[in-house]
Amino acid sequence: MAPREVSLDSGTSIQLTSLRTRRKVQCISEKLMGLGGLAKVYGGRLEDGTQVVLKVQRFEGRGADHSLEVEIELFKKLFHRNIVHCVGVGVSPAGLLIIAFRRAYQNPLLMMSKGSDESRRDKRAKYPVLPLDTAIDLGYELLNSLAYLERLGFVHHDVKLANLLIDVASKERSLEEHEIFNRVLRRNYRAVLIDFGATRSRNYLD
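All values reported here derive from a predicted model rather than from experimental measurement. (Residues numbered from 1 in each chain as written. Predicted model: local features only at pLDDT ≥ 70, side-chain atom pairs only at ≥ 80, totals over all residues. Heavy atoms only, no water.)

*Asks:* What's the story with the overall build of the chain in this structure? I'm lost.
*Replies:* Within the chain, the secondary structure is distributed over five helices and ten strands. Taking all 206 residues of the chain together, 46% fall into the buried category. Contacts spanning at least 24 positions in sequence make up 60% of the contacts within the chain whose residues lie at least 6 apart. Total accessible area computed for the chain in this model is approximately 11300 Å², and 52% of it derives from carbon and sulfur atoms. (Helix = DSSP H or I, 4+ residues; strand = E, 2+ residues; numbered from the N terminus. Buried < 20%, exposed > 50% of the residue type's maximum accessible area, 1.4 Å probe, protein only. Contact = heavy atoms within 4.5 Å. Areas by Shrake-Rupley, 256 points an atom, 1.4 Å probe, with all protein chains shown as cover.)

Here's what the structure looks like:
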């Protein structure tokens, strides 16, 4: 028998506690944004209007998902401009463990891959070409995040385009794709690495 999926109703109020400062903030859940193998991601909004994403376990009856527990422990230590900002953790009225992050947007390379072939300068390329300085910036910020993890003794284990997001610090509303592109091209953004459920310390790996 397949495990039953859990859900987080839109409009649910959740108290989030910062893992670093212990500051508490209220959050209201919004619509489902994505599905992973063992987790669901919902939109959310804090009292001051800040947009967040809420990551919860996907199936009931298993207690807390191990990858969520790993992320929660890691974000007691992780604080860097190129690591997604963890707003805090909480528990839903139904008892679901939740970890909340500041809203970030899809990597522009993945957005561009949905465009037409005419947008590609090199027809053999998998993705259209970003301006060179933008591509260098994205690569630098990814390496910056990995160097930070290395200094702390961690290995991410799931580095891919889908796990490098764009933080444009937009509080008031969700942005359209063309607005995200414009901010990236003006360098009004930072790239942030996400999804630390598979991250392990070098000591553990050894």
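*Asks:* Looking at this structure, how should I read the nonpolar core?
*Replies:* Grouped burial of nonpolar side chains is what soluble globular proteins tend to show. Phe-75, Leu-78, Ile-83, Ile-99 and Phe-196 are the most contacted members of the largest nonpolar core, which has 35 residues in total. Put simply, the parts of the chain that give this core at least two residues each are helix H1 (66-74), strand E5 (86-91), strand E6 (97-102), helix H3 (132-152), strand E8 (164-167), helix H4 (177-185) and strand E9 (190-193). (Core = buried A, V, L, I, M, F, W, Y, C linked by side-chain atoms within 4.5 Å.)

*Asks:* Looking at this structure, I do not really get the environment of Glu-73. What am I missing?
*Replies:* As for its placement among the helices and strands, Glu-73 is situated in helix H1. Exposure remark for Glu-73: the relative accessible area of 40% places this residue in the partly exposed category.

*Asks:* What am I meant to see in the pairing of strand E3 (residues 39-46) here?
*Replies:* Regular strands have side chains that alternate between both faces of the sheet. Within E3, six of the eight residues are buried, which leaves it mostly tucked inside the rest of the structure. Bridge count between strand E2 (residues 24-35) and E3: six bridges; the pairing is antiparallel. When the sheet's bridge partners are listed, Gly-34 is paired in E3 with Val-41. In sequence, E2 turns back onto E3 through a hairpin of three residues. As paired strands, E3 and strand E4 (residues 51-57) are joined by seven bridges and run antiparallel to one another. Note that in E4 the partner of Arg-45 across the bridge is Gln-51. Where E3 hands over to E4, the hairpin turn is made up of four residues, of which Gly-49 adopts a positive phi near 95 degrees. (Pairing = 2+ DSSP bridges.)

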